[in-house]
Amino acid sequence: MSFLIQRLEHRRDCKAKQDERAQRISGLSHLRGPFTSAERKIIDRPIESLVKDVQNKVIDAAELLHTYGKVALKAHDKTNCVTEIMIPEAEKWIKDGSVNLKGPLAGIPVSLKDTMIVGGFDATVGFSGFVGNKTVEDGAVVRLLKDAGAVPYVKTNLPITMLSFESANDVWGRSTNPYNSKYTPGGSTGGEAALLALGGRIGVGSDVAGSVRVPAHFSGIYSLRPSTGRWPKLGFRTSMPGQEGVPSVYGPMTRTLNDLTYFTRSVMSMEPWKYDYWVHPMPWKADVEKEYAAKSKLRVGVMRTDGVVDPSPACRRALEMTEAALRKAGHEIVEIDPPSPYEALCIAAHLINADGCQMFKSFFRYGEKNDPGAHQMDWLMRFPNPFKYMYYLWVKYVRRDDVWAGLIQTWRAKSAYENWQLVAKREAYRTQWFEWWNAVDVDFLLVPPNATPAVPHEAMHDAVASCGYTFLFNLLDYTAGVIPVTHVDKALDKLPGSFDIRKLNGVAQGAYKHYDAEDMHGLPVGVQIVGRRLEEEKVLAIMKRVEDALGDDKFKLLEID
């Protein structure tokens, strides 16, 4: 009987949230219709110019809010990217002084991942059991943003569990890629990426295995994964409270690189350590930003593969385009052989699931659909150990697939002793990278953000383990950003006739099962710019150098209808 009650409650709460969203949208009919010439000017203006005009009362912050409210509704109609609609409340925050219109983000609308706590609104994280969990007060990050002058106006969709490069759940439905509705915008901050690709300005997401970087790559926007301690993270809900083997971080996502740098600089200028004890008291390092903006010759380490899943033709072409542009600009390309990324994948995957997937499962109600990738991880966890061992032996000695065998060999819940051993391995691995980077002495790494462009819906069932290109830098806690470079070309990016998926390891097979350049034609493809720990200023400056080097080959953003 309790199962039936849970199922009924699940359906009731999902319908309640969807009805609430529909009702809120229906009350915003004044934000429908084509953009006016004034609104288009707002959308096209640099963020610094908008902030200055709001501060000087040349433009009303409500005008910016209404413009980006219209953007959000159009994006939502196309991709189902928005969860909570906060526009009427945002109007009140502007009027009653809740938002500091003299701050460095004065009047700029900001969208937030659904996990973030905004007073008066739910933070469902895609679980129906979290419906009705609203608090009175804003979380720390939202307080900081309002004090900086930003105006939170919508929250955006994500996958249930937040352990996926897709964005779907029973509460809010499925978000789609703005370039092709058959594909995902990424995850777990996928709704955010879809909104920004379709004209949103700035947003905040979280990243534990690539969750702001892969959506940027899949959807054609910009994002930054800061190191722990640079960006505030208090004031959110999660599917895995207590998971610290691979700490989650929050970070900025934007439509343009200029906005990404300005937003990051502005948040760090607000002394975020006064809002969140997690944050190091480390002011913005303008001298570092200036140094790498002016350095005449950069040493670029190119990581061509993670040794687990070679990049697809489209992702390899984006990497090579960027490499060629940097060579032409006079920078030095360094071939590198870093400590095994596969070792990092094994350590990180076991650390993040050391509880045997019990925590995220504890929030499910009976009948609530799991993410296909998270379901695969959980299914293998629950597989009886004798059969799992037999499966491991078959993979290793019959299929001769050491990569997949190494991942599944001890795929089970860990004891405290085993978890400590994994943390010790993590620290030893970080030491290897520390010493390797000191020896190779490069300014940054150029890396694919993922082996493939965006995948079709439900594809994480097969591709869940194909996350090494981003997960690696979460384990290391390195600063990493993504910039869009090109689009999939059905002629240039098709697989060679000699390609045989059966010869790949199990992880690579899952990724390549869904690679089809014909179907993916036009999807965005990016590159990842990686620095060392706490090098946010440096990475952002180098991202600008890379984009400048691309010149006429710079990525063309989606037109705003």
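Definitions and cut-offs
- Residues numbered from 1 in each chain as written.
- Predicted model: local features only at pLDDT ≥ 70, side-chain atom pairs only at ≥ 80, totals over all residues.
- Heavy atoms only, no water.
- Helix = DSSP H or I, 4+ residues; strand = E, 2+ residues; numbered from the N terminus.
- Rg over C-alpha atoms; globule rule 2.2 N^0.38 Å.
- Buried < 20%, exposed > 50% of the residue type's maximum accessible area, 1.4 Å probe, protein only.
- Contact = heavy atoms within 4.5 Å.
- Areas by Shrake-Rupley, 256 points an atom, 1.4 Å probe, with all protein chains shown as cover.
- Lys, Arg positive; Asp, Glu negative; His and termini not counted.
- Charge placed at Lys NZ, Arg CZ, Asp CG, Glu CD.
- Axes fitted to C-alpha atoms, helices over the stretch in contact; angles between N-to-C directions.
- Parallel < 35°, antiparallel > 145°, perpendicular 65-115°, else oblique.
- Nonpolar A, V, L, I, M, F, W, Y, C, P; charged D, E, K, R; others polar.
- UniProt positions renumbered as here; feature names shortened; annotations may be inferred.
- Polar contact = N/O pair within 3.5 Å; in protein donor to acceptor, adjacent residues only side chain to side chain.
- 1 Å grid on protein atoms, 1.4 Å probe; cavity = no way out; pocket = protein on both sides within 12 Å on 5 of 7 lines; lining within 4 Å.
- Points joined across faces, edges and corners; volume = space filled by probe spheres on them.
- Expected span 1.5 Å × (residues − 1).
- Salt bridge = Lys/Arg side-chain N within 4 Å of Asp/Glu carboxyl O.

In terms of helices and strands, the protein carries 22 helices and 13 strands. The C-alpha atoms of the protein give 23 Å as radius of gyration, which agrees with the globular expectation for 561 residues (24 Å, within 12%). Overall, the protein is about 70 × 70 × 45 Å in size when its C-alpha atoms are taken along their principal axes. The proportion of buried residues among the 561 residues of the protein is 61%. Restricting to contacts in the protein with at least 6 residues of sequence separation, those with at least 24 account for 82%. Of the roughly 21,400 Å² of accessible surface on the protein, 54% is carried by carbon and sulfur atoms. Of the side chains in the protein, 70 bear a positive and 68 a negative charge, and the two mean positions are spaced by 1 Å.

Attention now goes to the packing of helix 11 (residues 313–328) against helix 22 (residues 536–550). At a minimum axis distance of 8 Å, the contact between helix 11 and helix 22 shows a crossing angle of 90°. Relative to helix 22, helix 11 is oriented roughly perpendicular. Residue-level contacts link M321, T322, A325 and L326 of helix 11 to V546, A549 and L550 of helix 22. Tallied by class, residues from the contact of helix 11 with helix 22 come to six nonpolar, one polar and no charged.

Time to look at the UniProt feature "active site" (unreviewed entry) in the protein. In this numbering, the UniProt entry assigns the feature "active site" (unreviewed entry) to K113, S188 and S211. Look at the named residues: they lie 99 residues apart in sequence, but the longest C-alpha span between them is just 10.9 Å, so in the fold they bunch up. Summarising the element assignment, S188 is placed in the loop between strand 5 (173–174) and helix 7 (190–197). Apart from the residues within four sequence positions on either side, S188 is in contact with K113, N157, L158, P159, M162, S164, E166, S167, S206 and S211. Relative to the helices and strands, S211 resides in the loop between strand 6 (202–207) and helix 8 (213–219). In this structure, S211 is in contact with K113, M162, G187, S188, T189 and S206, ignoring residues within four places of it in sequence. At 3.1 Å, the side chain of S211 forms a polar contact with the backbone nitrogen of S188.

This paragraph deals with empty space enclosed by the protein. Applying the stated criterion across every chain yields a total of two cavities of 30 Å³ or more. There is about 60 Å³ of room inside the largest cavity. Lining of the largest cavity is provided by F165, F218, N450, T452, V455, M460, A463, S466 and A511. Class assignment for the residues of the lining of the largest cavity results in six nonpolar, three polar and no charged.

Time to look at helix 22. For helix 22, which comprises 15 residues, the first-to-last C-alpha distance of 21 Å matches the rise-based estimate of 21 Å (1.5 Å per residue) to within 8%. Most of helix 22 sits inside the fold, with 12 of its 15 residues counted as buried. Among the residues of helix 22, E536, E537, K538, V539, L540, A541, I542, M543, R545, V546, E547 and L550 are the ones counted as buried. The positive-phi residue at the C-terminal boundary of helix 22 is G551, with phi of around 55°.

In the structure shown here, the tally under the stated rule is 42 salt bridges. Two residues, K274 and E271, come together in a salt bridge whose shortest N-O distance is 2.6 Å. The exposure class of K274 is exposed, given its relative accessible area of 61%. With a closest N to O distance of 3.0 Å, R299 and E332 form a salt bridge. You can see R299 sitting in strand 9 (residues 299–302) and its partner E332 sitting in strand 10 (residues 332–335), a full 33 residues away along the chain. On the accessibility criterion, R299 (24% relative accessible area) is partly exposed. A single network of salt bridges, built from pairs that share partners, joins K17, E20, E84, D122 and K134.

Now for the UniProt feature "domain: Amidase" (unreviewed entry) in the protein. UniProt annotation of "domain: Amidase" (unreviewed entry) refers to residues 63–540 when read in the numbering used here. Strand forms 13% of residues 63–540 and helix 40%; the C-alpha atoms that close the span are 30 Å apart.

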